[in-house]
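Descriptive structure summary
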Amino acid sequence: MSRRPILAGNWKLNLTVRESLELASAVRDKCARHRDVDVVVAPTHLALHAVAQRLADSPVRVAAQNCHWADQGAFTGEISPAHLADAGVAWCIIGHSERRQFFGETDDGVAKKARALHDRGVLPIICVGESLDQRDAGQTLSWVTGQVKAALAELTADEAAVSVVAYEPIWAIGTGRTASPEQAQEVHAAIRATLAELYGRAIADRIRIQYGGSVKPSNVKTLMAQPDIDGALVGGASLTADSFAGIVAHRAED
Ligand code: 13P
């Protein structure tokens, strides 16, 4: 089963609107020739609309880093799936460990967001991952597959098929300590087995599972060579066009 790779840059709380536009243009220019992969960039909310306009005629798609589940209402400070769709945003990262850790995001909220995003035609990138304590306690697979089941609870099989799951071990994020390809593959395989339990093998084989956590041009190839790793969700190394393009170009011969 060959799944189209999806490489996404999560810019987190970085870059002004002007800087975001500059990086978006540079990513577009450097990645345009890689037609066999999906390329996504996730600027801050403030830069979303401008970046989506800048990339409108390019294959590079835009993601938000979070959203609320309601379309509108008395939710000060939030933005909605309807707003994202209106702004030309194709994807939305939900359940990132930084949001779970610092902003109290729960499995239940992630499930509601996934549901609401699909209602507006914005596709979720659903993040899951264990802490170092959980890994050391041997809880990785049960924890991560539990997160997957909870996040997808409100989706149909067809909706799940076009969603993306991002496995990001918390201990590998921003630490320079990447999961080994074997460690990542073990969890990706467990996630796919869980997806097969939920939706059957054919749907599970279509769902793309990204790895995230200190992905760089130098380690992306061996990660992507694993059978169940279908892409990368990249933080630090997505903040310059050269390093992100180096990740996008992982298939090109060097
Ligand atoms: P780093 O690539 O900086 O480790 O961040 C990973 C991440 O959290 C992407 O969402």
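The notes below deal with the structure included here. Since the structure is predicted, the reported quantities are computational estimates derived from the model, not experimental observations. (Residues numbered from 1 in each chain as written. Predicted model: local features only at pLDDT ≥ 70, side-chain atom pairs only at ≥ 80, totals over all residues. Heavy atoms only, no water.)

**What to know about the layout of surface pockets**
Taken as a whole, the largest pocket holds about 420 Å³ of empty space. Around the largest pocket, the lining is made up of 16 residues, and of these Leu13, Gln65, Asn66, Arg99 and Phe103 lie nearest the centre. Among the elements that take part in the lining of the largest pocket, helix H4 (residues 97-103) stands out by supplying four residues, more than any other. (1 Å grid on protein atoms, 1.4 Å probe; cavity = no way out; pocket = protein on both sides within 12 Å on 5 of 7 lines; lining within 4 Å. Points joined across faces, edges and corners; volume = space filled by probe spheres on them. Helix = DSSP H or I, 4+ residues; strand = E, 2+ residues; numbered from the N terminus.)

**Quick notes on the sheet that holds strand E7 (residues 208-212)**
If you trace the eight strands once around the closed barrel, you get E1-E2-E3-E4-E5-E6-E7-E8, paired in parallel fashion. Pairs of neighbouring strands in the sheet enclose a mean axial angle of 25°, with direction left out of account. As paired elements, strand E1 (residues 6-10) and strand E8 (residues 231-234) share four bridges and run parallel to each other. Residue pairing in the sheet places Leu7 in a bridge with Ala232 of E8. Sheet strands touched by helix H2 (residues 45-54): strand E2 (38-42) and strand E3 (61-64). Its angle to E3, the strand with the most contacts, is close to 165°. (Pairing = 2+ DSSP bridges. Axes fitted to C-alpha atoms, helices over the stretch in contact; angles between N-to-C directions. Contact = heavy atoms within 4.5 Å.)

**A closer look at the packing of helix H5 (residues 107-119) against helix H7 (residues 140-151)**
Close contact between H5 and H7 brings their axes to 8 Å; oriented N to C, the two are set at 45°. Viewed along their axes, H5 and H7 adopt a mutual orientation that is oblique. Counted together, Asp107, Val110, Ala111 and Ala114 of H5 and Gln147, Ala150 and Ala151 of H7 form the full contact between these two elements. Residues that form the contact of H5 with H7 fall into these classes: five nonpolar, one polar and one charged. (Parallel < 35°, antiparallel > 145°, perpendicular 65-115°, else oblique. Nonpolar A, V, L, I, M, F, W, Y, C, P; charged D, E, K, R; others polar.)

**Focus on helix H12 (residues 241-248)**
For H12, the buried fraction is high: six of the eight residues fall into the buried class. Residues of H12 that are buried: Ala241, Ser243, Phe244, Ala245, Ile247 and Val248. At its buried positions, H12 is contacted by E1, helix H1 (17-31), E2, helix H11 (220-224) and E8. (Buried < 20%, exposed > 50% of the residue type's maximum accessible area, 1.4 Å probe, protein only.)

**A closer look at the nonpolar core**
Among the nonpolar cores identified, the biggest contains 66 residues, and Val27, Leu84, Ile191, Leu195 and Tyr211 are the most heavily contacted of them. Top element by residues in this core is helix H9 (residues 181-199). It accounts for six residues. Setting aside residues up to four positions removed in sequence, Leu84 forms contacts with Leu48, Ala64, Cys67, Ile79, Val89, Cys92, Leu117 and Val122. In terms of nonpolar packing, the next biggest core, distinct from the first, is built from twelve residues, Ala8, Ala63, Val164 and Leu233 among them. (Core = buried A, V, L, I, M, F, W, Y, C linked by side-chain atoms within 4.5 Å.)

**A short note on the pattern of salt bridges**
Under the defined criterion, the tally for this structure stands at 20 salt bridges. Of the charged contacts, one joins Asp228 and Arg3 as a salt bridge, the two residues approaching to 3.9 Å between their closest N and O atoms. On the criterion of sequence distance, the pair formed by Asp228 in the loop between H11 and E8 and Arg3 in the segment before E1 is long-range, its members being 225 residues apart. Judged on exposure class, the residue Asp228 and its partner Arg3 are both buried. A single salt-bridge network, built from bridges that share partners, covers Arg3, Arg192, Asp228 and Asp230. (Salt bridge = Lys/Arg side-chain N within 4 Å of Asp/Glu carboxyl O.)

**As for unusual backbone geometry**
If you check the backbone angles, Leu15 has positive phi at about 80° while not being a glycine. Looking at the secondary structure, you find Leu15 in the loop between E1 and H1. Although it is not a glycine, Ser214 adopts a positive phi angle of roughly 60°. Summarising the element assignment, Ser214 is placed in the loop between E7 and H11. The class for Ser214 is buried, based on a relative accessible area of 15%.

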